[in-house]
Amino acid sequence: MLNMVDGLARLEELAAHPVVATLARVFADAGRDLALVGGPVRDALLGRITHDFDFTTDARPDEILALVKPVSSVQWDVGRAFGTIGARVRGEQVEITTYRADSYDGVTRKPTVEFGDTLEADLNRRDFTVNAMALRVPARTLVDPTGGVEDLLAQRLRTPIDPAVSFGDDPLRMLRGARFASQLEFTLDPDTLAAIVELRASLKIVSPERVQAELVRLLQTDDPVRGIRVLVETGLIDEFLPEVPALRLEVDEHHHHKDVYEHSLTVLRQAIALEKERHPDAAPDVPLRLAALLHDIGKPATRRLEPGGGVTFHHHDIKGARLARKRLQALRFDANTTTVVSRLVELHLRFFGYAEGAWTDSAVRRYVRDAGDELERLHILTRADVTTRNKRKAHRLASAYDDIENRISALREQEQIDAIRPELDGNRIQEVLGVKPGREVGEAYRFLLELRLDEGVLGEDEAEKRLRQWWAARD
């Protein structure tokens, strides 16, 4: 719960920060307004750590640049057309933007950039009231024209103006609402939710790149599930990731299976918990979290109702991998993220064969080979995929995965399992067999690789002997 006394004290501390104090003095000496705005003010009131220094001012971009040059080590003006100048001041990155009074045509997301004259008008055009507060410096005056403090106290997300107008101006704000619901653990107010339901189709005018960026920010929060539920319940997610709500499969009285949608959200939460446990200092792992959310998206297309009340999802891992690749490409994710996520979805069932019966060393080597660089992510995803309430079954699966990780560690020490390759490379194969580069070298390499996977490290002499035997038998 927000304590306003403590919150105001933290605002005082923020205003006294060397970076803020330096810029406040420079702009005041020039007769210009300056205010911290948005996230830094909100987070200070909430007692959250903030690393952002976002300012707004009545100065125009050229003047901003001239004012910050003497007190900054570097400046950049890639946002000049939108009124934003960036700089590094006393080792910290800051952004300073001229008051804005944009207008939108309602057809595209691109605004007509217009500079404003007052702080209050600038705040009214922002996305949510909790982000529409400012701290004037050096005066240290809190400016809150839209009731942001009350909404912080109520843990509520509300637009500064009519939500239909706000979302009509920029439909991406609807997606930001879901992200802030997770990030701040707040609830969207009823009028805001109703506007999202009504205007969800307008998200189509927003570029896939911007939608992707907001989805990534949502997944980077400590608990993305809260925001994902907002997206599903309002129907907004149908516009860019319809495979997720499709997981809410119908269940009839004769055929029973677990709720795939709720299972997927649980897997996501458990994957995040394991990620933090195993790598506490690492940044949020977005590819892993995407894979956790999407790992079962092949189930709706592969569901078969069997006589006697059974339900099967044969090959949903393969189908899901294809669907994940297609969807991430549509959202303009980079090639590496797309490949990693689709590969994890494809492999997420592989371990359960191990739990049903002990694998040979050869099977373990192939598991490592197939996972490649994603082995650690696959470890986490597979463990997170156990959501059964049967404690005995859960314990058995956890023990089985402990065992496979221990065996991988042992094999890693014995035979460099992370770099599984034949003892002989292509050049040596050509020398031994007396052949030129071509198809036969590739076949020989694959033979040696299978040998390595089946039997482990053989040594160059033994590998060469086996290669000659294979070649003679082939001829």
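Q: Sorry, what's going on with the overall build of the protein here?
A: Scanning the protein from terminus to terminus reveals 23 helices and 13 strands. Projecting the C-alpha coordinates of the protein onto the three principal axes gives extents of approximately 90 × 60 × 45 Å. Counting the 475 residues in the protein, one finds 48% classified as buried. The protein carries 67 positive and 79 negative side-chain charges, and their two centres are separated by 3 Å.

Q: Any chance you could explain the sheet that holds strand β3 (residues 74–76) here in plain terms?
A: Backbone-to-backbone hydrogen bonds join strands into a sheet, with any given pair of strands oriented parallel or antiparallel. Strand order in the open sheet formed by seven strands is β3-β4-β5-β2-β1-β8-β9, with mixed pairing between adjacent strands. Strands with a single pairing partner mark the edges of an open sheet, and in this sheet they are β3 and β9 (141–143). Going across the sheet, the axis of each strand differs from the next one's by a mean of 30°, ignoring polarity. Across the sheet, helix α2 (residues 18–29) lies against β1 (35–37), β2 (54–57), β4 (84–89) and β5 (92–98), angled at about 35° from β5, the strand it touches most.

Q: Just to check I follow, could you spell out the pattern of salt bridges for this structure?
A: Where charged atoms from two side chains of opposite charge come close, those side chains can pair. If you walk through the whole model with that rule in mind, you get 35 salt bridges. Across the salt bridge formed by Arg42 and Asp43, the nearest N and O atoms sit 3.0 Å from each other. The exposure class assigned to Arg42 is buried, which follows from its relative accessible area of 5%. Measuring nitrogen to oxygen at the nearest pair gives 2.9 Å for the salt bridge that ties Arg80 to Asp77. It is possible to trace a salt-bridge network through shared partners that takes in Asp127, Arg176, Arg179, Glu214 and Arg217.

Q: Quick question: what am I supposed to make of the packing of α2 against helix α4 (residues 61–68) here?
A: Two quantities define a packed helix pair, namely the angle between the axes and the distance from one axis to the other. With their axes 10 Å apart at the nearest point, α2 and α4 run at an angle of 120° to one another. As summarised for this structure, α2 and α4 are arranged oblique, according to the angle between their axes. Crossing angle aside, the handedness with which α2 passes α4 is right-handed. Residues Leu23, Val26 and Phe27 of α2 lie in contact with α4, whose contacting residues are Ile64, Leu67 and Val68. When grouped by side-chain class, the residues that make up the contact of α2 with α4 number six nonpolar, no polar and no charged.

Q: What am I meant to see in the environment of Glu185 here?
A: The residue Glu185 is located in the loop between α8 (172–184) and β11 (187–188) in this model. Residue classification places Glu185 among the exposed residues on the basis of a relative accessible area of 51%. Not counting residues up to four positions away in its chain, the partners in contact with Glu185 are Phe180 and Arg226.

Q: I would appreciate a short explanation of helix α1 (residues 4–15) in the present structure.
A: For the α-helix, the turn length of 3.6 residues means that residues three or four positions removed from each other point alike. Its 12 residues place the ends of α1 16 Å apart at the C-alpha level, agreeing with the 16 Å of an ideal helix rising 1.5 Å per residue. Every buried residue belonging to α1 is among Gly7, Leu11, Leu14 and Ala15, and all of these are buried. Seen from one end, α1 has its buried residues packed into an arc of 95°, which puts them on one side. Across from the buried face of α1, at angles greater than 90 degrees, the exposed residues are Val5 and Glu13. Contact partners of the buried residues in α1: α2, β1, α3 (39–46), β8 (134–136) and β9.

Q: Just to check I follow, could you spell out the side chain of Asp151 for this structure?
A: With respect to the helices and strands, Asp151 occurs in helix α6 (residues 148–154). By relative accessible area, Asp151 is classed as buried at 0%. Within polar-contact distance, the side chain of Asp151 engages the side chain of Arg156 at 2.5 Å. When residues no more than four places from it in sequence are discounted, the contact partners of Asp151 are Thr129, Val130, Arg156, Arg158 and Phe186.

Q: Even after reading the chapter, I still don't get the nonpolar core, so can you show me in this structure?
A: Side chains of a nonpolar character, in soluble globular proteins, are inclined to be buried together. Ranked by size, the top nonpolar core spans 112 residues in total, and within it Leu23, Phe27 and Phe240 carry the most contacts. It is helix α12 (residues 260–278) that contributes the most residues to this core, eight residues altogether. Within the second largest apolar cluster, 12 residues are counted, among which are Val435, Ala444, Leu451 and Ala463.

Q: What exactly am I supposed to notice about helix α22 (residues 439–455) here?
A: Taking 1.5 Å of rise per residue, 17 residues should cover 24 Å, and α22 covers 25 Å from first to last C-alpha, within 8% of that figure. Of all the residues in α22, the buried ones are Val441, Ala444, Leu448, Leu449, Leu451, Arg452 and Leu453. Looking one or two places after α22, you find Gly456, whose phi comes out positive at around 85°.

Q: In this structure, what is going on with the packing of aromatic side chains? I would like to understand it.
A: One pair of aromatic rings is described through two measures. These are the centre distance and the angle between the planes. Summed over all chains, the structure comprises three aromatic pairs. Measuring from centroid to centroid gives 4.4 Å for Phe351 and Tyr401, while their planes differ by 65°, and the two rings are edge-to-face. In this pair, Phe351 is assigned in the loop between α16 (335–347) and α17 (352–356) and Tyr401 in helix α20 (residues 391–415), connecting sequence segments 50 residues apart. Look at Trp470 and Trp471: their rings are 6.1 Å apart centre to centre, the planes differ by 45°, and that puts the pair in the tilted class. Stacked on the ring of Phe313, the Lys or Arg Lys299 has its end atom at 4.8 Å from the ring centre.

Thresholds, definitions, all that
- In every chain, residue numbers begin from 1 and rise along the written sequence.
- pLDDT decides what is reported in this predicted model: residues at 70 or higher carry local features, side-chain atom pairs at 80 or more are listed and counted, and totals for whole chains, interfaces and linings draw on all residues regardless.
- Excluded from the side-chain calculations are hydrogens and water; all other atoms, namely the structure's heavy atoms, are used.
- Numbering goes from the N terminus for both helices and strands, where a helix is a DSSP run of H or I of at least four residues and a strand is a run of E of at least two.
- Only protein chains enter the calculation, and the probe is 1.4 Å; a residue is then buried if its accessible area is under 20% of its type maximum, exposed if over 50%, and partly exposed in between.
- Residues scored as positive are Lys and Arg, those scored as negative are Asp and Glu, and His as well as the terminal groups of each chain are ignored.
- To locate a charge, take NZ of a lysine, CZ of an arginine, CG of an aspartate or CD of a glutamate.
- Note on pairing: two strands pair once DSSP finds at least 2 bridges between them.
- Only the contacting stretch of a helix is used when fitting its axis, a line to C-alpha atoms as for every element, and angles between N-to-C directions run 0 to 180 degrees.
- The contact criterion used is simple: two residues touch if any of their non-hydrogen atoms lie within 4.5 Å.
- Each salt bridge in this description consists of a side-chain nitrogen of Lys or Arg and a carboxyl oxygen of Asp or Glu lying within 4 Å of one another.
- Any angle between 65 and 115 degrees counts as roughly perpendicular, while under 35 counts as roughly parallel, over 145 as roughly antiparallel, and the rest as oblique.
- It is the rotation of the near helix from the far one that decides the hand of a crossing: anticlockwise by less than a right angle makes it left-handed, clockwise makes it right-handed.
- The classification used treats Ala, Val, Leu, Ile, Met, Phe, Trp, Tyr, Cys and Pro as nonpolar, Asp, Glu, Lys and Arg as charged, and all other residues, Gly among them, as polar.
- For a helix, the expected span equals 1.5 Å multiplied by the residue count minus one.
- Directions are taken from the helix axis to each C-beta atom, and the arc is the one they span.
- N or O atoms closer than or at 3.5 Å make up a polar contact, with two conditions inside protein: a donor-capable atom paired with an acceptor-capable one, and, for residues adjacent in sequence, both atoms drawn from side chains.
- Think of a nonpolar core as a cluster: buried Ala, Val, Leu, Ile, Met, Phe, Trp, Tyr and Cys residues, connected wherever their side-chain atoms sit within 4.5 Å.
- What counts as a ring pair is set by centres within 6.5 Å for rings of Phe, Tyr and Trp (its six-membered ring), and what kind of pair is set by the plane angle: stacked under 30 degrees, edge-to-face over 60, tilted for all other angles.
- Either the NZ atom of lysine or the CZ atom of arginine qualifies as a charge over a ring when it sits within 6 Å of the ring centre and within 35 degrees of the ring normal.

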